[in-house]
Amino acid sequence: MPLSKNQTPPALDIPQDVDGLLRLAAQSMFDVLARSTEGMMVVDRHHRVVWISDGYKRFLPALGFNDEHEFVGKRVEDVVPNTQMLQVLETGKPVLVDLLTNRAGTFLVSRLPLRNEAGEVIGALGLVLLDHPETTMQPLIQKFGRLQQELEDTRRQLAAQRRPKYTIASFIGASPAALEVKRQARRVAQTDSTVLLLGETGTGKELLAHAIHSASRRAHRPLVSVNIAAVPETLLEAEFFGVAPGAYTGAERKGRDGKFKLADGGTLFLDEIGDMPLALQSKLLRVLQEQEVEPLGSNTVLRVDVRVIAATSRDLAAMVAAGSFRADLYYRLNVLPIRVPALRERLDDIEALAEALGEDIARRSGMPQKLLSPDALEWLGRQSWPGNIRELRNTLEQVSLMSDDMQLTAAHFQGGAALAVADEAPPAAVAPAAAAPAISTAQAVAPLPELIEALERDAIRRALQATGGNRMAAARLLQISRASLYERLARWPELEAKVQVSGDA
Ligand SMILES: Nc1ncnc2c1ncn2[C@@H]1O[C@H](COP(=O)(O)OP(=O)(O)O)[C@@H](O)[C@H]1O
Ligand SMILES: [Mg+2]
């Protein structure tokens, strides 16, 4: 029953009709909010601030405004940093409680859409429920702060993980030969052409491949590597091109993406390209020319956008002449060749390299970095380093780990030079140049992993010697897989450098 206008309603009764009741509730709520909140503002549907409460005015100086006229009439996103009023206008959904942080401080805020009779959003009401919530809402704010800190830490970690492993600056060296390599790497990084990295094992070809990728426009896309020598020949094709679902039974039933597909948009690093079987060379050439791959057991082709960086320690031109490498593929790869110098061609860089490698070894082992005496540096500079920087790194690592002294002298390096696994091992078999510090089984006690490693190295050295450097035959003699021999040779390249390698062909 509606109350008539000329009747004074009884002071203590609430309206009996629903409309009146709701109107009263709305009015009261607004009065309470206007009185007890710190400030209010209304924006129209064009984002313009149309009104602010008296309470709101005291935030203006902190927001950078002297008075109301500079503020009202502006678009809210231009005058209130980080405001979320636009989302309310867009979605029509209220935000009952939120924290807003900007140059004026942190505020507990509430945002409500304003609608016309037709229900359309025509503006929004913003309320500052509390300022300095950090004092009144301690526990909540603390939790908020902690979460924000965690979020920031996680973001930082993610960014660090995504950061490229190597940049061109990670290629240490200031000798003319090193500077020239870096100049060429920077130049090819600007292009999308195939790059061929030529150089002995351990000279930094893989490092450069990473560096070129991260200096290229593809840096934010994947770099995918395949070491061709380490993948059994029968699996290479599937590894490159993938397998269509249902092509095989068993584990491969679901199909598998090939490396070309995985590298789409990015870079594919083909290490040891000289070890590519002839049959596959023509397929690779086709992919490079067409930028299309056909997964095994599929009759459709996939378009890919892949930049290839290939590397080899073999003499590809000689292999072409001998018929073990396709000439057309060689020319296709050889568009931008970079010859990476051997360490003995840039011995001036030894000190800087030893410094950088020592730092890395220390960081990984968690032990302090050892100093190198002048005579140690001089000794390092006199070696011929057939295994190049990888060998230098291994030598520094072994000598650092085997001594408690903080400073390493030439004696430390010479001392461990005799590779004597078996008692009768002839010391003459090891040239000082290849001096890999090692352990003798005659030593009273040595860590078992080191003894096993020394034994493995010696066995592989003998097998390579016995087979004239033929890796395939050496693997057969040792009764280990070709892949596991390659893996060990990558670790101890100096073993192979000592014998004339005749290859697997
Ligand atoms: N110029 C360099 N500066 C610093 N470290 C290097 C440099 N060249 C090579 N290395 C290090 O030597 C090792 C062998 O390098 P890698 O790129 O694998 O050689 P490659 O692929 O030519 O066999 C790696 O540990 C690499 O980080
Ligand atoms: Mg390599």
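Relevant structure appears above.
Residues numbered from 1 in each chain as written. Chains lettered and ligands numbered in written order. Predicted model: local features only at pLDDT ≥ 70, side-chain atom pairs only at ≥ 80, totals over all residues.

## Observations regarding the overall build of the chain
Broken down by element type, the chain carries 22 helices and 14 strands. Buried residues in the chain amount to 30% of all 505 residues. Counting contacts in the chain only where the partners sit at least 6 residues apart, residues at least 24 apart contribute 63% of the total. (Helix = DSSP H or I, 4+ residues; strand = E, 2+ residues; numbered from the N terminus. Buried ≥ 20, exposed ≤ 12 C-beta atoms within 10 Å, placed from the backbone. Contact = placed C-beta atoms within 7 Å.)

## So, the sheet that holds strand β1 (residues 39-44)
Spatially, the five strands line up as an open sheet ordered β2-β1-β5-β4-β3, and their pairing is antiparallel. This sheet does not close on itself; its edge strands, each paired only once, are β2 (49-52) and β3 (95-102). The sheet shows a mean angle of 25° between the axes of neighbouring strands, direction not considered. When β1 meets β2, the two strands line up antiparallel, connected through three bridges. Across the sheet, the residue bridging to Val-43 is Val-49, located in β2. (Pairing = 2+ DSSP bridges. Axes fitted to C-alpha atoms, helices over the stretch in contact; angles between N-to-C directions.)

## A few points about the packing of helix α19 (residues 448-466) against helix α20 (residues 471-478)
Contact geometry for α19 and α20: axes closest at 9 Å, N-to-C directions at 125°. Considering the angle they form, α19 stands oblique to α20. Here α19 runs over α20; the crossing is right-handed. From α19, Ala-459, Ile-460, Ala-463, Leu-464 and Ala-466 reach across to α20, where they touch Ala-474, Leu-477 and Leu-478. The residue makeup of the contact of α19 with α20, split by class, is eight nonpolar, no polar and no charged. (Parallel < 35°, antiparallel > 145°, perpendicular 65-115°, else oblique. Left-handed = near helix turned anticlockwise from the far one by under 90°. Nonpolar A, V, L, I, M, F, W, Y, C, P; charged D, E, K, R; others polar.)

## Thoughts on the pairing of β3
In this structure, β3 lies alongside strand β4 (residues 105-115), joined through six bridges in antiparallel fashion. Across the sheet, the residue bridging to Leu-100 is Phe-107, located in β4. Following β3, the chain reverses through two residues before pairing antiparallel with β4.

## A look at the sheet that holds strand β6 (residues 195-198)
Within a sheet, neighbouring strands are paired by backbone hydrogen bonds and run either parallel or antiparallel to one another. In space, the five strands of this open sheet follow the order β7-β8-β11-β6-β12, with parallel pairing throughout. One side of each edge strand has no neighbouring strand; the edge strands of this open sheet are β7 (223-227) and β12 (336-339). Direction aside, the axes of adjacent strands within the sheet are offset by 20° on average. Here four bridges tie β6 to β12, and the two strands are oriented parallel to one another. Along β12, the bridge assignment pairs Val-195 with Leu-336.

## Some points on unusual backbone geometry
Even without a glycine there, the phi angle at His-47 is positive, about 75°. The residue Asn-388 is not glycine, and still its phi comes out positive at about 55°. On the secondary structure map, Asn-388 appears in helix α17 (residues 388-402). Overall, the presence of 25 C-beta atoms within 10 Å leaves Asn-388 in the buried class.

## Digging into the environment of Ala-247
Looking at the element boundaries, Ala-247 is found in the loop between α10 (233-241) and α11 (259-262). Considering only alpha carbons, one finds Ala-247 and Pro-295, 48 residues apart in sequence, at a separation of 9.4 Å.

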